[in-house]
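Results of the structural survey
Now for the letters of each chain:
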Amino acid sequence: MKLRPYQPDDREACLAIFDSNSPRYFTPPERDKFAGFLDRLPGRYAVVLDDEGNVVGCGGLAPTVEDPRTASLTWGMVHASLHGKGYGRALTEGRLAWLSEMPEIERVRIDTSHLTEAFYARRGFRTYNRIPDHYREGLHRCDMELVVADLR
């Protein structure tokens, strides 16, 4: 399992990962937003490779426009067939490791669904806002935050 920087040739593999997670974790209309994101990539973005070198996950970290002391985890996902195998943990830990190069960042935020809320809570994120049925009926938005000082 290895994390490496995203390359434009990874686009189709990342879209296939998105598709494997839709509609359970993402709504179909979000696919176009994700594709547009891959085309303009604010901040850093990486892919996770399995032992054979296949792209099996992707995700990023970007400073927010609103507050230069805050960064956001962006579009993180692992192929649905590989959930629970440690790829998501490696992806999240790899993205948080980038914070060592970003001393100005004091907190990291993510908006995620209630389906992955516990995953991020185990990594120190706390939920500060919840919006029922935000993504679609039965798929709630959880805004979560991690204080970077807790990692250092």
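My aim in this report is to walk through the structure given alongside it, one point at a time. Note that this is a predicted model, so its numbers are computed, not measured. (Residues numbered from 1 in each chain as written. Predicted model: local features only at pLDDT ≥ 70, side-chain atom pairs only at ≥ 80, totals over all residues. Heavy atoms only, no water.)

Overview of the overall build of the chain
Quick note on the threshold: Think of it this way: any DSSP run of H or I at least four residues long counts as a helix, any run of E at least two long counts as a strand, and we number them from the N terminus. We compute the radius of gyration over the C-alpha atoms and compare it with the globule rule, which gives 2.2 Å times the number of residues raised to the power 0.38. Each residue gets one of three labels from its accessible area relative to the maximum for its type: buried under 20%, exposed over 50%, partly exposed in between, using a 1.4 Å probe on protein chains only. In this analysis, two residues are considered to be in contact whenever any of their non-hydrogen atoms come within 4.5 Å of each other. Here the accessible surface of atoms and residues is derived via Shrake-Rupley with a 1.4 Å probe, and residues count as covered only by protein chains that are part of the display. Charged residues are defined narrowly, with Lys and Arg counted positive, Asp and Glu counted negative, and His plus the chain ends left uncounted. Charged side chains are reduced to one point each, which is NZ for Lys, CZ for Arg, CG for Asp and CD for Glu.
A count of helical and extended segments in the chain gives 4 helices and 7 strands. Along the chain, helices (α) and strands (β) appear in the sequence β-α-α-β-β-β-α-β-α-β-β when read from the amino end. On C-alpha atoms alone, the chain measures out to a radius of gyration of 15 Å, which is about the 15 Å that the 2.2 N^0.38 rule sets for 152 residues. Seen through its principal axes, the chain has C-alpha atoms that stretch 35 × 35 × 30 Å. Within the span of the chain, comprising 152 residues, buried residues form 43% of the whole. For the chain, the share of sequence-separated contacts (at least 6 apart) that also reach a separation of at least 24 residues comes to 60%. Carbon and sulfur atoms provide 50% of the accessible area of the chain, an area that totals close to 8100 Å². The average position of the 21 basic charges and that of the 23 acidic charges among the side chains of the chain differ by 3 Å.

A short note on the packing of aromatic side chains
Convention followed: In summary, the pairing rule links any two rings of Phe, Tyr or Trp, Trp by its six-membered ring, whose centres are within 6.5 Å, and it sorts them by plane angle into stacked for under 30 degrees, edge-to-face for over 60 and tilted for everything else. Our definition puts a charge over a ring when NZ of Lys or CZ of Arg is within 6 Å of the ring centre and also within 35 degrees of the ring normal.
Tallied over the full model, the rule gives 10 aromatic pairs. Between phenylalanine 18 and phenylalanine 26, the aromatic rings sit 4.9 Å apart at their centres with planes inclined by 25°, giving stacked as the arrangement. Each member of the pair, phenylalanine 18 as well as phenylalanine 26, carries the same accessibility label: buried. With a centroid separation of 4.9 Å and 90° between ring planes, the pair formed by phenylalanine 119 and tyrosine 120 is classed as edge-to-face. Above the plane of the ring of phenylalanine 119 lies arginine 123, whose end atom (NZ or CZ) is 3.9 Å from the centre.

Let's talk about the pairing of strand β6 (residues 126–136)
This is how it is decided: The pairing criterion for strands is at least two bridges between them, as found by DSSP.
Sheet topology places β6 next to strand β7 (residues 139–147); 6 bridges connect them, and they run antiparallel. Bridging from a neighbouring strand, arginine 130 pairs with cysteine 142 of β7. With antiparallel pairing between neighbouring strands as the criterion, β6 and β7 make up a hairpin whose turn holds 2 residues, including glycine 138 at a positive phi of roughly 85°.

A closer look at the packing of helix α1 (residues 11–20) against helix α2 (residues 30–40)
Selection criterion: In this analysis an axis means a line fitted to C-alpha atoms, helices contributing only their contacting stretch, and an angle means the value between N-to-C directions, from 0 to 180 degrees. Roughly parallel covers angles under 35 degrees, roughly antiparallel covers those over 145, roughly perpendicular covers 65 to 115, and oblique covers all other angles. The crossing is said to be left-handed when, going from far helix to near helix, the turn is anticlockwise and less than a right angle, and right-handed when the turn is clockwise. Residues are grouped as follows: nonpolar covers Ala, Val, Leu, Ile, Met, Phe, Trp, Tyr, Cys and Pro; charged covers Asp, Glu, Lys and Arg; every other residue, Gly included, is treated as polar.
Contact pair α1 / α2: the axes reach a minimum separation of 11 Å and the direction vectors enclose 155°. With respect to α2, the element α1 is oriented roughly antiparallel. By crossing handedness, the relation of α1 to α2 is classed as right-handed. Of the residues in α2, those touching α1 at Arg11, Cys14, Leu15, Phe18 and Asp19 are Glu30, Arg31, Phe34, Ala35, Leu38 and Asp39. When the residues that make up the contact of α1 with α2 are grouped by side-chain class, the tally is 6 nonpolar, no polar and 5 charged.

Considering the pattern of salt bridges
Filter applied, for reference: The rule for a salt bridge is simple: a side-chain nitrogen of Lys or Arg has to be within 4 Å of a carboxyl oxygen of Asp or Glu.
Taken as a whole, this structure holds 16 salt bridges when the rule is applied. The shortest N-O distance in the salt bridge between arginine 11 and glutamate 12 comes to 3.6 Å. In this structure, arginine 130 and glutamate 117 form a salt bridge, with 2.8 Å as the shortest nitrogen-oxygen distance. Of this pair, arginine 130 sits in strand β6 while glutamate 117 sits in helix α4 (residues 117–121); the two residues are 13 residues apart in sequence, bridging distant segments of the chain. Taking relative accessible area as the criterion, arginine 130 reaches 44% and is therefore assigned partly exposed. Ionic contacts of the salt-bridge type, sharing partners, join the residues Asp67, Arg69, Glu106, Arg107, Arg109, Arg126 and Glu145 into one network.

What to know about the environment of aspartate 133
Formally: Nitrogen and oxygen atoms within 3.5 Å of one another constitute a polar contact, given that in protein one can donate a hydrogen and the other can accept it, and given that sequence-neighbouring residues count only through two side-chain atoms.
Looking at the element boundaries, aspartate 133 is found in strand β6. Remark: the alpha-carbon pair of aspartate 133 and serine 113, spanning 20 residues in sequence, is separated by 9.6 Å. In this structure, aspartate 133 is in contact with Gly138, Leu139 and His140, ignoring residues within four places of it in sequence. For aspartate 133, the side chain forms a polar contact with the main-chain nitrogen of glycine 138, separated by 2.7 Å.

So far we have only geometry, and geometry alone does not tell us how the molecule works.
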